[in-house]
Amino acid sequence: MQIFGFFGSILGYLLWALFFIFRNFGISIIFFTLVIRFILFPFSIKQQKSMANTARLQKKQKEIREKYANNRQKANEEMQKLYQKEGVSPTGGCLTSIVPLLIMLGIFYAVAYPLTNTLHINANTVSDATSFINSLPGLSVSGSGMATYEQIALVKILADSKELVAQLFTGSDVVNIEMFIKGFNFAGFNLLESPSAQGFWSPYLLIPVLCFVSSVAAQLVTMKVNGTGQSQQGCMKVMMIGLPLFSAYISYSIPAAVGFYWICSSIFSLIQSIVLGKFYGPTALIAKTEAQHVALLEQQEALVQYNYAPAGYNENKTKK
């Protein structure tokens, strides 16, 4: 996981710069996610084109599989010919998917580890502070339920006690932490609180609910844009609901800041899918291909030499 921590540390400088401007962690996450989506947009275009081209060929692929149902080798050969003819690479979207995934995981690590990756406080200092807090009666940063979110829990404890900040940290770290802990109230929510600690029927329940709804909506829009909804098998449909449900459960148990980031990420993903689908969806690509084909035919027709023959002209008589 060190590579994700590395990306998180780099992206943390951007998150800290945005926080320094807005002095609010919620607003910073929104703009942070937006900026990263903008940076990754070229990769998203390539990925969308690959998905749209694959969806565009689904009918032809099905015909090949049915025609050569008893000859897998021949079916694979015909598939390769189809890809070459259409200029489509079945693995074309792999690299463009891996790079954004690494960066998106880096974003998560920037949000989940605010002290080391956003404020860039020495990891040993943060570890010593965590151990000290855990040794105090009635205090523990392990209450978040997962070690991944201990730093957010630590920030919550520090927000309730400036004395601990001065005791555990020194120099500029104290100034940065004191500024940081003041910026977690957003839209009436304290992003350091976990929904589970507020009770099931508290307004904080909106965090896991929106986390689930936005994630499912983003997936549905992506499938609709690429025309892959009907081709989803039973297990894939279960995963489409199961993973958002699991994310909602996790966001219910951990500090709201992480769940809020997931919501922002899903919403921007939904908007991006709509925009890319309009310009690079299967329908748009088919229309573009047909337009290019018509233009090519017109060019070829323009090269054909035109011979004018007057009315009543008889080529056979001329030859005589």
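As the structure is a prediction and not an experimental result, all values here were calculated from the model.

**Details of the overall build of the protein**
Thought 1: Broken down by element type, the protein carries 16 helices and two strands.
Thought 2: Going through the 320 residues of the protein one by one, you find that 40% of them count as buried.
Thought 3: The contacts of the protein with a sequence gap of at least 6 include a subset with a gap of at least 24, amounting to 74%.

**Comments concerning the packing of aromatic side chains**
Aromatic ring pairs are described here by two measures, namely the spacing of the ring centres and the angle between the planes.
Thought 1: In total, this model carries 17 aromatic pairs according to the counting rule given.
Thought 2: Centre to centre, the rings of F25 and F180 are 5.5 Å apart; their planes meet at 85 degrees, and the pair counts as edge-to-face. Taken together, the residues F25 in helix α2 (residues 25-39) and F180 in helix α11 (residues 172-180) connect sequence positions 155 residues apart.
Thought 3: A network of ring pairs unites the aromatic residues W16, F19, F20, F25, F180 and F184 as a single cluster.
Thought 4: In this structure, R23 is placed above the aromatic ring of F20, and the distance from its NZ or CZ to the ring centre is 4.8 Å.

**Re the side chain of S28**
Thought 1: Along the chain, S28 falls in helix α2.
Thought 2: Among all residues touching S28, those that are not within four sequence positions of it are L15, L18, F19 and F22.

**Some remarks on a nonpolar patch on the surface**
Thought 1: Nonpolar side chains collect at one region of the surface, where I21, F22, F31 and L34 lie side by side and expose about 360 Å² of accessible area between them.
Thought 2: Put simply, the parts of the chain that give the nonpolar patch at least two residues each are α1 (2-22) and α2.

**Remarks on the environment of G188**
Thought 1: Within the secondary structure layout, G188 lies in the loop between β1 (185-186) and β2 (189-190).
Thought 2: By relative accessible area, G188 is classed as exposed at 77%.
Thought 3: The sequence separation of G188 and Y204 amounts to 16 residues, and the corresponding C-alpha distance is 9.6 Å.

**Brief notes about unusual backbone geometry**
Thought 1: For R23, which is not glycine, the phi dihedral falls at a positive 55 degrees.
Thought 2: Tracing the chain through its elements places R23 in the loop between α1 and α2.
Thought 3: On the basis of relative accessibility, which here comes to 44%, the residue R23 falls in the partly exposed class.
Thought 4: The phi angle at A187 is positive, at roughly 55 degrees, despite the residue not being glycine.

**Things to note about the nonpolar core**
Thought 1: In terms of nonpolar packing, the biggest core is built from 57 residues, with F25 and I177 touching the most fellow members.
Thought 2: The element best represented in this core is helix α6 (residues 94-112), accounting for eight residues.
Thought 3: Within the second largest apolar cluster, seven residues are counted, among which are Y68, A75, M79 and Y83.

**Concerning the pattern of salt bridges**
Thought 1: Inspection of the entire model under this criterion finds one salt bridge.
Thought 2: E193 serves as the salt-bridge partner of K156, at 3.6 Å between the closest nitrogen and oxygen. Placement of K156 in helix α9 (residues 150-159) and of E193 in the loop between β2 and α12 (206-226) is noted, with a sequence separation of 37 residues between them.
Thought 3: Of the residues examined, K156 reaches a relative accessible area of 26% and is grouped as partly exposed.
Thought 4: In this structure E193 comes out as buried when scored by relative accessible area, which is 18%.

**A word on the packing of α2 against helix α14 (residues 256-280)**
Thought 1: For the pair α2 and α14, interaxial distance at closest approach is 10 Å and the crossing angle is 35 degrees. Regarding α2 and α14, the two cross each other, and that crossing is right-handed. Along the contact surface, α2 presents F25, G26, I29, I30, T33, L34 and R37, while α14 presents A257, F260, Y261, C264, S265, F268, S269 and Q272.
Thought 2: Here the contact of α2 with α14 is built from residues that sort into nine nonpolar, five polar and one charged.

**Some points on the confidence of the model for the protein**
Thought 1: Of the residues in the protein, 76% reach a pLDDT of 70 or more, and the chain-wide mean stands at 79.
Thought 2: Per-element confidence in the protein is highest for β1, whose mean pLDDT is 91, and lowest for helix α16 (residues 315-319), whose mean pLDDT is 52.

**Comments concerning the packing of α1 against α11**
Thought 1: One can describe the packing of α1 onto α11 by two numbers: an axis separation of 11 Å at closest approach and a directional angle of 65 degrees. Between α1 and α11, the crossing angle belongs to the class labelled roughly perpendicular. In the crossing of α1 with α11, the sense of the turn from one axis to the other is left-handed. Residues W16, F19 and F20 of α1 form the contact with α11, whose participating residues are N176, M179 and F180.
Thought 2: Residue composition of the contact of α1 with α11, grouped by class: five nonpolar, one polar and no charged.

**Quick word on α1**
Thought 1: Given a rise of 1.5 Å per residue, 21 residues ought to cover 30 Å, and the 29 Å separating the end C-alpha atoms of α1 matches this to within 8%.
Thought 2: A maximum bend of about 30 degrees is found in α1 at L11.

Cut-offs used in this document
- Residues numbered from 1 in each chain as written.
- Predicted model: local features only at pLDDT ≥ 70, side-chain atom pairs only at ≥ 80, totals over all residues.
- Heavy atoms only, no water.
- Helix = DSSP H or I, 4+ residues; strand = E, 2+ residues; numbered from the N terminus.
- Buried < 20%, exposed > 50% of the residue type's maximum accessible area, 1.4 Å probe, protein only.
- Contact = heavy atoms within 4.5 Å.
- Phe/Tyr/Trp six-rings, centres within 6.5 Å; stacked < 30°, edge-to-face > 60°.
- Lys NZ or Arg CZ within 6 Å of the ring centre and 35° of its normal.
- Patch = residues over 30% accessible without salt bridge, like charges linked within 9 Å, V, L, I, M, F, W, Y side chains within 5 Å.
- Areas by Shrake-Rupley, 256 points an atom, 1.4 Å probe, with all protein chains shown as cover.
- Salt bridge = Lys/Arg side-chain N within 4 Å of Asp/Glu carboxyl O.
- Core = buried A, V, L, I, M, F, W, Y, C linked by side-chain atoms within 4.5 Å.
- Axes fitted to C-alpha atoms, helices over the stretch in contact; angles between N-to-C directions.
- Left-handed = near helix turned anticlockwise from the far one by under 90°.
- Nonpolar A, V, L, I, M, F, W, Y, C, P; charged D, E, K, R; others polar.
- pLDDT = per-residue confidence, 0-100.
- Parallel < 35°, antiparallel > 145°, perpendicular 65-115°, else oblique.
- Expected span 1.5 Å × (residues − 1).
- Bend = angle between axes of the 7 residues up to and from the residue.

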